[in-house]
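Okay, here's what each chain looks like letter by letter:
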Protein chains: 2
Amino acid sequence: MKKTGVKSGQKVKKIKRQELTTEDLLSGIRNFDKAVLAKSITLIESNKPAHFDKAEKLITEALKFTSKSIRIGITGIPGVGKSTFIEAFGSHLTELGRKVAVLAVDPSSTVTKGSILGDKTRMETLAKDPNAFIRPSPASDSLGGVTRKTRETIVLCEAAGYDIILVETVGVGQSETAVHSMVDFFLLLKLAGAGDELQGIKRGIMEMADAIVINKADGNNLKNVKITQTEFSRALHLYPPKENKWTPQVLSCSSMEKTGISEIWNMISEFIELTTNNEYFEINRTNQNQNWFLQTVDELLKHQFYQKNKIKEHSKELLTQIKAKQISPFTAAKLLVFEPK
Amino acid sequence: MKKTGVKSGQKVKKIKRQELTTEDLLSGIRNFDKAVLAKSITLIESNKPAHFDKAEKLITEALKFTSKSIRIGITGIPGVGKSTFIEAFGSHLTELGRKVAVLAVDPSSTVTKGSILGDKTRMETLAKDPNAFIRPSPASDSLGGVTRKTRETIVLCEAAGYDIILVETVGVGQSETAVHSMVDFFLLLKLAGAGDELQGIKRGIMEMADAIVINKADGNNLKNVKITQTEFSRALHLYPPKENKWTPQVLSCSSMEKTGISEIWNMISEFIELTTNNEYFEINRTNQNQNWFLQTVDELLKHQFYQKNKIKEHSKELLTQIKAKQISPFTAAKLLVFEPK
C-alpha cells in the first residue's frame, strides 16, 4: 500500500510539473526553489517552438525583478583549474552571505554534443551548498544561441536572488568575447610556467581581462608564480588605460589550499566601488543591454521568417538546388528573402 | 604641354573609374586586371547602402565563372611566421604556373581599426609577382561581416582566374572557425619549442587541422623540430578519424631557407586527389555553400528590416529607452519586430 502511495504521489508531482504555468515558474523562482529555477532554465534552453512563447513571457516577467548583482566572467585554458577555483571562490562568497550562481558558456559542446563544463561532480562542495546554484552550458547549434540562453539564464538567476553570477568559459577561443559581453568583471586564470607564458596568450583576451590570477600558487610552484606575476604585470602596463579607469591587477591564489581567495574578492569589490563611482558600471551595463537588444532583434527576425511553413519548404527546396548546383548560395538567399514562394 | 596631357589623362581615368558599371568591373576581372579586381573588392567591402545592389549584382555574375580552385586556410599564432611562409609557399605555387590570391580574415582589426595582416610590405616578392594578388582583411563591425566579405572576395578572385586561394587568419581565436568554413584544406603553422607545445594549443584548432607544419625548421632548431613533430603526430593520432578519410600530416619547413615547401604542396595535392576521389571535396563545398546560403538569408533579413526609415527611428528610440531603463532589452526587441511603429 505504502509503495503504491509513493508511486501515485510521484505521478501527481510529475503531472503538476508539466502543468506549471509562467506564474508558477516565476513564483517558484522568487521563492528560491532551485528545482523550479532549473526547470525554468530548461524551458529557456528548449528549442521546441511550442516553448518559445512561454519562455519569452517568463523572461519578460523575470526582468522586472532585477537585483543589484555582480556578474563575473572567468576564463582560462583547460587544465588551469577553473572548476577548483570556482569551488573555492564560490564557497568563500557564500560564507560571506552571498548567493552564487555558476553558469558556463561552452560553444564547443555543440560539437561534442554534451557539456564538458559546469559539471556538478567537479564542484562537490558548491553543488551541495544551499546558497549556490550550478548550471552547465546550454546546448545550441551556435555560439549566438548559447550566448542568448546564458544571458536569459542570468536574468532568471538574478530574479531568484542570486547576487553573484559566475560565468565560466572553456577558453578555447570563441566564447570569451561572448562572456565578456555579459559580465561586469572579466578574470583570466593562468598557470605559472617556465617564463614563456606570454607566447601562447591571445592578445584579445589580455585586452579584455580586468585581472589575471595565477592559480596553483602552492608548494614548489611559488617561485615560478612570482616570476610569472611580474611578467604579466609588465605586459599589462603595455596596454592603453581602460575606459573604466581600472588598472588590471595580477594576483595569485591556491584553489587547493584556499589561499589568496579573499584577496581576489577584495579586488573585485574595489573594482565595483571604483566603477560604480565613475559610473562605468552603469555605462557598461547599458552598452551590454543595447547590444542584447540588437542581437535579440536579429534572433526574432530569423524566428519570425522561418516560422512560415511556405518559407521552410522553399528553403528546403533551395538547399536541394544548391546541392545540385542549380543555383548559387547568394542567388538562392536573395530569392528566399525578396521573392519567396 | 606634355605635363598637362598627363594630368588630363589622369583625370579622364579617374572619371572613368568612378563610372565603371557592373559589366565593366566583371570584364576587367575576367581580363585579369588587378586594379579592377581590387576596385571590385572595395565595392563589396563598402558599407554604403548605395553600393549594396551593385555589389550583389557583381557577385551573382561572378559566380557564373567558378573555376576549379583550391582554397587553403592558414592559421597560427602571431610570431609563427605566417607572412614569410605565405611568401615562400605562394612563390612556389606561381613558379608551378598557378595563380595565387592571398586573403586575410582578421576580426580583431575591427577593434584596432586597421588590418594588421595581408600587409603587402610583409610579402614583397609575392606582391610584385604578376601571378599573385594580395588583399588585406576587410574592415567590418562583426566577424560575420568579415566572413561574408571574404567569401565574396574568394568568388571574385576565382572569377579572375586565381586557382589557389590562400586565406590567412591571425589565429587569435575567433576567426579560425570562420576560415575553416570557407576552405578545402586547413593548415596550422607551429613553432618548435621546449616540448610543451600541446599546452597552449586550442582543442578545436587541432580538430580542424588537415596538416600541422612546424615552421622555422632551420639552424640550431632542427632537433627541437623533430621532437615537436613526433609529439604532434602522436597527439593527432588520439583524434577520431576524419569524415574525409584523410590522416592529418605533420610536416616541417623553413620559410627562410625555402626547404620543405614543395613537400607541403605535394601533401595538399594528395589531399585533393583523395577527397576528389571519395567525393568529400564536393560534399564539403556543398555543406559550405548551404551554410553560406543560410548566413546570407540572415544578413538580407537584417538588411531588409533596417532599411525602412521608420524602423531605424523606432530602433533609435528604443535604444534611448533602454539607456534610461524604461524598457528591457528583450521587450524592446519584441516591440521592434512584432509591433513596429
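Residues numbered from 1 in each chain as written. Chains lettered and ligands numbered in written order. Predicted model: local features only at pLDDT ≥ 70, side-chain atom pairs only at ≥ 80, totals over all residues. Heavy atoms only, no water.

Draft legend 1. Fine view of the overall build of chain A. Across its full length, chain A carries 16 helices and 7 strands. Relative to its full complement of 341 residues, chain A shows a buried share of 51%. Long-range pairs, those at least 24 residues apart, make up 76% of the contacts in chain A between residues at least 6 apart in sequence. (Helix = DSSP H or I, 4+ residues; strand = E, 2+ residues; numbered from the N terminus. Buried < 20%, exposed > 50% of the residue type's maximum accessible area, 1.4 Å probe, protein only. Contact = heavy atoms within 4.5 Å.)

Draft legend 2. Fine view of the relation of the copies chain A and chain B. The two copies are related by a screw motion: chain A maps onto chain B through a turn of 180° and a shift of 0.0 Å along the axis, at an RMSD of 0.0 Å. Taken together, the rotation and translation describe the operation of a two-fold axis. Most of the interface of chain A is mirrored in chain B, where 100% of its interface residues again form contacts. (Least-squares fit on C-alpha atoms with pLDDT ≥ 70 in both.)

Draft legend 3. Local environment of the pairing of strand β3 (residues 132-135) of chain A. Residue and element names in this part refer to chain A. Burial of the side chains of β3 extends over both faces: Ala132 and Ile134 are buried on one face and Phe133 and Arg135 on the other. The pairing of strand β2 (residues 100-105) with β3 spans 4 bridges and is classified as parallel. Opposite Val102, over in β3, you have Ile134 as the bridge partner. (Pairing = 2+ DSSP bridges.)

Draft legend 4. Highlighting the packing of aromatic side chains. Using the criterion set out here, one finds 16 aromatic pairs over all chains in the structure. Look at Phe305 of chain B and Tyr306 of chain B: their rings are 5.2 Å apart centre to centre, the planes differ by 80°, and that puts the pair in the edge-to-face class. A residue is classified by how much of its surface remains accessible, and Phe305 of chain B, at 7% relative accessible area, is buried. Cluster of aromatic residues (ring-pair linked, three or more members): Phe32, Phe133 and Tyr162 of chain A. Above the face of the Phe32 of chain B ring, Lys99 of chain B is positioned so that its terminal group lies 3.7 Å from the ring centre. (Phe/Tyr/Trp six-rings, centres within 6.5 Å; stacked < 30°, edge-to-face > 60°. Lys NZ or Arg CZ within 6 Å of the ring centre and 35° of its normal.)

Draft legend 5. Fine view of the interface of chain A and chain B. On the chain B side, the residues contacting the 48 residues of chain A number 48 residues. Interface area for chain A against chain B, summed over the two sides, is near 4800 Å², with a carbon-plus-sulfur share of 69%. If you look at where chain A meets chain B, you find 6 salt bridges. Between Lys302 of chain B and Asp298 of chain A there is a salt bridge whose closest N-O contact spans 3.3 Å. At the junction of chain A and chain B, the tally comes to 8 residue pairs in polar contact (both at pLDDT 80 or more). (Buried area = accessible area lost by both parts, 1.4 Å probe. Salt bridge = Lys/Arg side-chain N within 4 Å of Asp/Glu carboxyl O. Polar contact = N/O pair within 3.5 Å; in protein donor to acceptor, adjacent residues only side chain to side chain.)

Draft legend 6. Examining helix α5 (residues 82-95) of chain A more closely. Residues and elements named next belong to chain A. If you check α5, its first and last C-alpha atoms are 20 Å apart, about what 14 residues at 1.5 Å a residue would give, namely 20 Å. A large share of α5 lies buried, amounting to 12 of its 14 residues. Every buried residue of α5 is accounted for by Lys82, Ser83, Phe85, Ile86, Glu87, Ala88, Phe89, Gly90, Ser91, His92, Leu93 and Thr94. Looking at the residues trailing α5, positive phi occurs at Gly97, about 90°. (Expected span 1.5 Å × (residues − 1).)

Draft legend 7. Looking closely at the sheet that holds strand β5 (residues 185-191) of chain B. Residue and element names in this part refer to chain B. Read across the sheet, 7 strands follow the order β3-β2-β4-β1-β5-β6-β7 without closing on themselves; strand pairing throughout is parallel. Every other strand in the sheet has two partners, leaving β3 (132-134) and β7 (249-252) as the edge strands with one partner each. Between one strand and the next, the sheet's axes are offset by a mean angle of 25°, whatever the strand orientation. Taken together, the 5 bridges between β5 and strand β6 (residues 211-215) define a ladder with parallel strand orientation. Counterpart to Leu189 in the pairing with β6 is Val213. In the packing of helix α5 (residues 82-95) onto the sheet, the strands contacted are β1 (70-75), β2 (100-105), β3, β4 (164-169), β5 and β6, and the crossing angle to β4 comes to about 180°. (Axes fitted to C-alpha atoms, helices over the stretch in contact; angles between N-to-C directions.)

Draft legend 8. Local environment of the confidence of the model for chain A. All names here are of chain A. Averaged over all residues, the pLDDT of chain A equals 84, while 84% of them reach at least 70. Averaged pLDDT values for the elements of chain A fall to 44 in helix α6 (residues 109-112) and rise to 97 in helix α13 (residues 261-277). Confidence drops under pLDDT 50 across residues 1-13; counting only partners more than four residues distant or on other chains, this segment forms 0 contacts. (pLDDT = per-residue confidence, 0-100.)

Draft legend 9. Here's a closer look at the pattern of salt bridges. The full count for this structure, using the stated rule, is 26 salt bridges over all chains. The partner of Arg148 of chain A in a salt bridge is Glu152 of chain A, and the shortest N-O contact between them spans 3.7 Å. Pair noted here: Arg148 of chain A and Glu152 of chain A are both in helix α8 (residues 143-159), with a separation of 4 residues, about one helical turn. Assigned by exposure class, Arg148 of chain A and Glu152 of chain A land together as buried. For Glu299 of chain B, the salt bridge is made with Arg148 of chain B, and the minimal N-O distance between the two is 3.1 Å. Of this pair, Glu299 of chain B sits in helix α14 (residues 280-307) while Arg148 of chain B is found in helix α8 (residues 143-159), placing the two residues 151 residues apart along the sequence.

Draft legend 10. Representation of unusual backbone geometry in the model. Residue and element names in this part refer to chain A. Phi at Lys245 is positive, roughly 70°, even though this residue is not glycine. As for its placement among the helices and strands, Lys245 is situated in the loop between α12 (222-237) and β7 (249-252). One non-glycine residue, Glu279, lies in positive phi territory at about 70°. Take Glu279: it is sitting in the loop between α13 and α14 (280-307).

Draft legend 11. Fine view of the pairing of β6 of chain B. By the criterion of burial, β6 of chain B is predominantly enclosed, with 5 of the 5 residues buried. Handedness of the crossover joining β6 of chain B and β7 of chain B through helix α12 (residues 222-237) of chain B is recorded here as right-handed. (Right-handed = clockwise from strand over helix to strand, strands pointing away.)

Draft legend 12. Geometry of the environment of Val167 of chain B. Residue and element names in this part refer to chain B. Here Val167 shows up in strand β4. Linking Val167 and Ser137, residues 30 residues apart in sequence, is a C-alpha distance of 9.7 Å. Leaving out residues up to four positions away in the same chain, Val167 has contacts with Ile72, Gly73, Ile74, Leu103, Val105, Thr150, Ile154, Val179 and Val183.

Draft legend 13. Local environment of the packing of helix α15 (residues 309-323) of chain B against helix α16 (residues 329-338) of chain B. All names here are of chain B. Across the interface, α15 lies against α16 with an axial gap of 10 Å and an inter-helix angle of 165°. Classified by the angle their axes make, α15 and α16 are roughly antiparallel. The chirality of how α15 crosses α16 is right-handed. Where α15 approaches α16, its residues Ile311, His314, Ser315, Leu318 and Ile322 are matched on the opposing element by Pro329, Ala332, Leu335 and Leu336. (Parallel < 35°, antiparallel > 145°, perpendicular 65-115°, else oblique. Left-handed = near helix turned anticlockwise from the far one by under 90°.)

Draft legend 14. Examining the environment of Lys54 of chain A more closely. Residues and elements named next belong to chain A. The residue Lys54 is located in helix α4 (residues 49-62) in this model. Measuring from C-alpha to C-alpha, the distance between Lys54 and Thr22 comes to 6.6 Å, with 32 residues separating the pair along the chain. Other than its neighbours up to four places away in sequence, Lys54 contacts Leu20, Thr21, Thr22, Leu25 and Leu43. A distance of 2.5 Å separates a polar side-chain atom of Lys54 from the backbone oxygen of Leu20.

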